[in-house]
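# Working through the structure, step by step
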Number of protein chains: 2
Amino acid sequence: MAVTIRDVARASGVHVSTVSRSFSAPHLVNPETRTRVLAVAEDLGYRPNRAARALTTGRTHNLGLIVADIANPFFPPLIKAAQAQARLRDYHVFVADTDEDPKAEEDLIQTLTKQVDGVLLCSPRLTNRTIERLREEIPFVLVNRRVRGMPTVLMDVGRGARLAVEHLTELGHRRLAVVTGPSGSWTSKEMQEAAAAMSEVDVVFLGPNPPTELGGLAAAADVLASGATGVLAYNDLVAIGLIEGLSERGAEVPRDISVIGVDDIVAGRLGRPKLTTIAMPTAAAGRIAVDMLLQSVDSEGATGVTMLETTLIVRESTGEAHT
Amino acid sequence: MAVTIRDVARASGVHVSTVSRSFSAPHLVNPETRTRVLAVAEDLGYRPNRAARALTTGRTHNLGLIVADIANPFFPPLIKAAQAQARLRDYHVFVADTDEDPKAEEDLIQTLTKQVDGVLLCSPRLTNRTIERLREEIPFVLVNRRVRGMPTVLMDVGRGARLAVEHLTELGHRRLAVVTGPSGSWTSKEMQEAAAAMSEVDVVFLGPNPPTELGGLAAAADVLASGATGVLAYNDLVAIGLIEGLSERGAEVPRDISVIGVDDIVAGRLGRPKLTTIAMPTAAAGRIAVDMLLQSVDSEGATGVTMLETTLIVRESTGEAHT
DNA sequence: TCGCGTTCGGCAACCGGTTGCAAAAAGTAT
DNA sequence: ATACTTTTTGCAACCGGTTGCCGAACGCGA
């Protein structure tokens with residue numbers, strides 16, 4: 001039923017190998033022949049069968065993209081960019097969601113392994129050990145996670161956190177809280193370390209928390225109890241939840257407490273107060289990660305670390321500290 | 001390098017066909033033989049090569065899931081549910097994003113066609129004609145779109161819209177606006193028709209609009225100009241944007257204007273005011289759609305329409321009309 | 001015109017499973 | 001013991017491309 005390479009061969013009076021080469025090794029076939037073959041193929045509506053190609057070449061032309069939670073607005077821009085970039089290179093992307101569960105993450109990688117040429121691991125919660133082991137089975141690129149010797153795309157949250165803390169101290173805040181994220185999160189650790197290294201202020205760490213509004217909501221009580229007047233939240237969702245939680249307890253942002261998020265998601269630009277946040281170059285990360293992955297797929301041991309800049313965007317959720 | 005069916009055959013002293021059948025047609029092989037083969041396979045770490053299987057059976061065991069915009073929080077729950085359900089059936093899912101562009105949508109379907117066994121089309125913006133044509137090439141299930149004779153999962157927004165209008169009229173609103181969605185959207189049309197059919201109030205339609213916060217933001221002026229005191233927005237994002245836009249123009253919700261959204265996204269439950277909204281059973285839709293799709297994949301012309309209920313959730317964005 | 005180097009195209013094996021067919025083995029009835 | 005089923009297994013072709021190898025055709029200089 002479907003039109004195959006042999007149909008094209010027959011219809012254009014050449015051997016199947018010539019048809020094949022017309023597509024995958026153009027320089028090996030006479031330009032005239034090639035155009036004729038392509039025309040016939042077009043005419044018949046021929047589309048190469050990827051399964052067949054995968055069988056011989058060992059390349060599926062598929063990539064896996066594993067994220068903790070599709071519903072977290074941090075990921076969609078990254079996913080979109082990765083998809084677009086992959087399609088540019090004639091690759092397709094399986095997006096899989098681990099529900100923040102390391103076990104599910106590992107299973108997914110295993111399942112995907114035989115099905116894709118490489119895997120993009122975004123914000124993985126696995127241990128370094130596990131990641132290193134899995135690496136034997138399939139090429140990886142990590143996003144937002146650092147593991148020795150593995151190709152990686154990072155966003156400089158450390159710097160972002162420093163900017164945030166500076167911003168808060170300039171506003172007069174002397175006691176800060178960091179509402180941290182999930183325990184396996186590199187981003188969270190990075191933020192904590194950066195904040196801890198700022199000597200001029202008191203910093204208290206509250207967490208771990210789920211990286212969602214609910215996490216922020218639940219952290220509100222602890223934040224109030226901590227006596228902090230400035231807060232750096234693990235991400236914008238947490239920040240939004242936190243602001244809501246604070247408000248339920250009578251503390252208004254930014255009047256009583258200043259809150260800074262991370263990611264610059266759309267919701268943060270529209271709610272009230274509009275979030276001061278650390279913007280992450282997620283789309284760029286997705287694009288670059290795909291390219292790194294493809295590179296490491298065909299030139300074996302390619303490795304490298306790309307660090308992308310982050311920016312502090314000041315909006316309405318931060319303000320002067322009251323003495 | 002990878003262990004194949006022949007390795008297993010050799011190691012267990014049977015023919016490859018017996019190994020193959022041990023997996024895919026257990027009843028055709030002696031139970032003892034089978035357990036031995038499976039043990040050996042397990043031992044060697046054998047994993048069937050999906051590309052090879054796809055080549056002979058013509059089944060890729062992949063599904064396509066096409067959505068207008070992954071970043072729209074309406075979709076992730078549906079995607080997650082679909083993924084989970086598919087995995088249960090040993091299928092994988094390609095999620096693709098059309099950026100609300102019908103052309104991209106068509107291209108994507110074409111590209112995916114040779115790569116998947118069936119496609120889930122969520123809220124497609126294509127014309128019925130195009131959909132019917134594409135259907136020749138590959139099994140479909142539509143979500144949130146009705147096309148004659150195609151398997152479909154719908155959520156009853158019509159009823160939701162009626163409930164919303166009733167709610168608003170009970171609150172005393174006599175002039176309503178419907179902020180509609182993209183022009184290709186079935187949901188939008190459905191809402192409009194349901195609202196138009198409610199005879200006891202004036203309804204004005206404003207649109208089409210992009211189904212995002214920005215769409216809502218931009219519609220604020222028109223809403224004010226329309227003189228409506230109650231608004232039904234295409235979805236929660238639009239509602240949130242609209243509330244923001246109204247506020248910028250000095251109209252507060254729900255004091256001056258009541259707004260109802262659709263979808264019940266998390267952001268709506270947390271912002272201020274919390275959104276009154278029509279909840280959509282997205283997860284159920286994803287699950288059911290996958291099952292319908294798989295069914296129509298192996299039993300050819302399966303067709304049918306599933307209609308899921310929606311609910312009105314009253315929160316804080318609606319209130320009494322002022323006379 | 002002959003010889004030689006290129007370019008082009010055909011041949012056929014191969015990737016790793018699946019499956020119709022038939023032989024072999026086991027079971028049953030006579 | 002024989003003939004006839006039924007179950008179990010092996011054989012081999014096939015799915016639709018890719019690719020190493022080899023011969024044909026062609027161009028070119030002598």
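Please refer to the structure higher up on the page.
Cut-offs and rules
- Residues numbered from 1 in each chain as written.
- Chains lettered and ligands numbered in written order.
- Predicted model: local features only at pLDDT ≥ 70, side-chain atom pairs only at ≥ 80, totals over all residues.
- Helix = DSSP H or I, 4+ residues; strand = E, 2+ residues; numbered from the N terminus.
- Buried ≥ 20, exposed ≤ 12 C-beta atoms within 10 Å, placed from the backbone.
- Contact = placed C-beta atoms within 7 Å.
- Nonpolar A, V, L, I, M, F, W, Y, C, P; charged D, E, K, R; others polar.
- Least-squares fit on C-alpha atoms with pLDDT ≥ 70 in both.
- Pairing = 2+ DSSP bridges.
- Axes fitted to C-alpha atoms, helices over the stretch in contact; angles between N-to-C directions.

## A word on the overall build of chain A
Each helix and strand in chain A was counted, giving 13 helices and 12 strands. With respect to the three principal axes, the spread of C-alpha positions in chain A is 85 × 40 × 30 Å. Counting every position in chain A, which comprises 323 residues, the buried fraction comes to 51%. Across chain A, contacts joining residues at least 24 apart in sequence account for 70% of those joining residues at least 6 apart.

## Structural notes on the interface of chain B and chain A
Taken together, the contact pairs 32 residues of chain B with 32 residues of chain A. Looking at the side of chain B that touches chain A residue by residue, the classes come out as 17 nonpolar, 7 polar and 8 charged.

## Some words on the relation of the copies chain B and chain A
Superposition of chain B onto chain A requires a rotation of 180 degrees combined with a translation of 0.2 Å along the rotation axis, giving an RMSD of 0.3 Å. Here the transformation between the copies is reduced to the relation of a two-fold axis. Of the residues that chain B buries at the interface, 100% are likewise interface residues in chain A, meaning the two copies contact each other through the same surface.

## Description of the sheet that holds strand β10 (residues 276-279) of chain A
Residues and elements named next belong to chain A. In spatial order, the strands read β7-β6-β8-β9-β10-β12; together these 6 strands make up an open sheet with mixed pairing. Unpaired on one side and paired on the other, β7 (202-206) and β12 (311-313) mark the two borders of the sheet. When strand polarity is set aside, the average angle formed by the axes of neighbouring strands in this sheet is 20 degrees. In terms of strand pairing, strand β9 (residues 258-263) meets β10 through 4 bridges, oriented parallel. Among the inter-strand pairings, D263 is bridged to a residue of β10, identified as A279.

## So, the sheet that holds strand β6 (residues 175-179) of chain B
Residue and element names in this part refer to chain B. Across the sheet, which stays open at both edges, the 6 strands sit in the order β7-β6-β8-β9-β10-β12 with mixed pairing between neighbours. Bordering the open sheet on either side are β7 (202-206) and β12 (311-313), each of which pairs with just one other strand. Between one strand and the next, the sheet's axes are offset by a mean angle of 20 degrees, whatever the strand orientation. Sheet analysis places strand β8 (residues 230-233) next to strand β9 (residues 258-263), joined by 3 bridges and oriented parallel. Bridging from a neighbouring strand, V231 pairs with V259 of β9. Packing of helix α11 (residues 236-248) onto the sheet brings it into contact with β6, β8, β9 and β10 (276-279), and relative to β9 it is tilted by some 155 degrees.

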